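Descriptive structure summary
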Amino acid sequence: TFSQDIPVGTWRTHFSYNDARIISVTEDKIFCAAEIGLFSREITEGSLRELSKVDGLSDVEVSALQYNENSNVLVIGYESGFIDFVFENELISVSDIARSNLDGDKSINDVAFSSGSTFLATDLGVIVLNTSNADIVENYVQIGSGGVAVEVLQILVIDNSIFLRTSEGIQSGEFGANLLDFSNWTRYAST
């Protein structure tokens, strides 16, 4: 007689991963976010690993994805504002942004890393988390000209500086300055 090849009480997914949306490449892996979940591929071995809500991910609509080789963590941001930190043997979910009462789009637009910190670009501003435990440690909001709120669309960290592509254009700040104060950000005229 025919029998199921998966044990009772467990799940097996049959998601389509054909709709690739975001990739993050490391020296030995490629991470790819699709509409329903994500997968990684070992470059040398060719092995695949799929991750989805069945495996503990917080959500399905990935909006940002970045791997930090120094901390060996994959950070996944979702359109809902949920964030997952996927370590080798641990998954930490952060729901503070998604569950907050803040108005506006809570989507995580981009991710960058520097000195043990994870920087999230959001429509609310920049959210800074401790990379090792995913605790929110700071946020840079109302950093636009005159102290207005700006949407942060992309983020890049180079040496001791952070560069943002915002709804007002490009701006940068140095980590030694008080980045909570909008006047400590340099704004670049658009051409």
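As a starting point, this report considers the structure included with it. (Residues numbered from 1 in each chain as written. Predicted model: local features only at pLDDT ≥ 70, side-chain atom pairs only at ≥ 80, totals over all residues. Heavy atoms only, no water.)

Let us now look at the nonpolar core. Soluble globular proteins tend to pack their nonpolar side chains together in the buried interior. Core analysis: the biggest nonpolar cluster contains 17 residues, and Val 75, Ile 83, Phe 85, Ile 97, Ile 108, Val 111 and Leu 120 have the highest contact counts within it. Of all elements in the fold, only β6 (73-78), β7 (83-86), β8 (91-94), β9 (108-114) and β11 (125-130) reach the threshold of two or more residues within this core. By residue number, the principal contributor to this core is β9, which donates three residues. Each residue touching Leu 120, except ones within four places of it in the same chain, is listed here: Val 75, Ile 83, Ile 97, Ile 108, Asp 110, Val 111, Gly 125, Val 126, Ile 127 and Leu 129. Of all hydrophobic cores here, the second largest spans 15 residues; its members include Ala 112, Ile 143, Val 152 and Trp 185. (Core = buried A, V, L, I, M, F, W, Y, C linked by side-chain atoms within 4.5 Å. Buried < 20%, exposed > 50% of the residue type's maximum accessible area, 1.4 Å probe, protein only. Helix = DSSP H or I, 4+ residues; strand = E, 2+ residues; numbered from the N terminus. Contact = heavy atoms within 4.5 Å.)

What follows is about the sheet that holds strand β15 (residues 169-174). Ordered by their spatial adjacency, four strands build an open sheet running β13-β14-β15-β16, and the pairing between neighbours is antiparallel. Because the sheet does not close on itself, it has two edges, and the strands there are β13 (152-158) and β16 (186-188). Across this sheet, the average inter-strand angle for adjacent strands is 20 degrees, counted without regard to direction. Where β13 and strand β14 (residues 161-166) come together, six bridges link them in antiparallel fashion. Pairing of Leu 156 across the sheet is with Phe 163, part of β14. (Pairing = 2+ DSSP bridges. Axes fitted to C-alpha atoms, helices over the stretch in contact; angles between N-to-C directions.)

Before going further, it helps to examine the pairing of β6. Counted residue by residue, β6 has six buried out of six residues, so it is predominantly covered. On β6, burial covers both faces: Val 73, Val 75 and Gly 77 on one face and Leu 74, Ile 76 and Tyr 78 on the other are all buried. By the bridge criterion, six bridges tie strand β5 (residues 62-68) to β6 in an arrangement that is antiparallel. Across the sheet, the residue bridging to Val 62 is Tyr 78, located in β6. Linking β5 back to β6 in an antiparallel pair, the connection comprises four residues, with Asn 72 at a positive phi of about 50 degrees.

Next up on the list: the packing of aromatic side chains. Considering all chains together, one arrives at three aromatic pairs under this definition. A centroid spacing of 5.1 Å and a plane angle of 20 degrees characterise the contact between Phe 31 and Tyr 67, whose relative ring orientation is stacked. Here the residue Phe 31 occupies a position in strand β2 (residues 29-33), and Tyr 67 occupies one in strand β5, the gap between them amounting to 36 residues. In this structure, Phe 31 and Tyr 67 share a single accessibility class: buried. (Phe/Tyr/Trp six-rings, centres within 6.5 Å; stacked < 30°, edge-to-face > 60°.)

Before going further, it helps to examine unusual backbone geometry. Within the chain, Ser 115 stands out as a residue other than glycine whose phi angle is a positive 45 degrees. Locating Ser 115 in the fold gives a position in the loop between β9 and β10 (117-122). By relative accessible area, which is 76% here, Ser 115 ends up exposed.

Remember, this is a structural readout, not a statement about activity or role.
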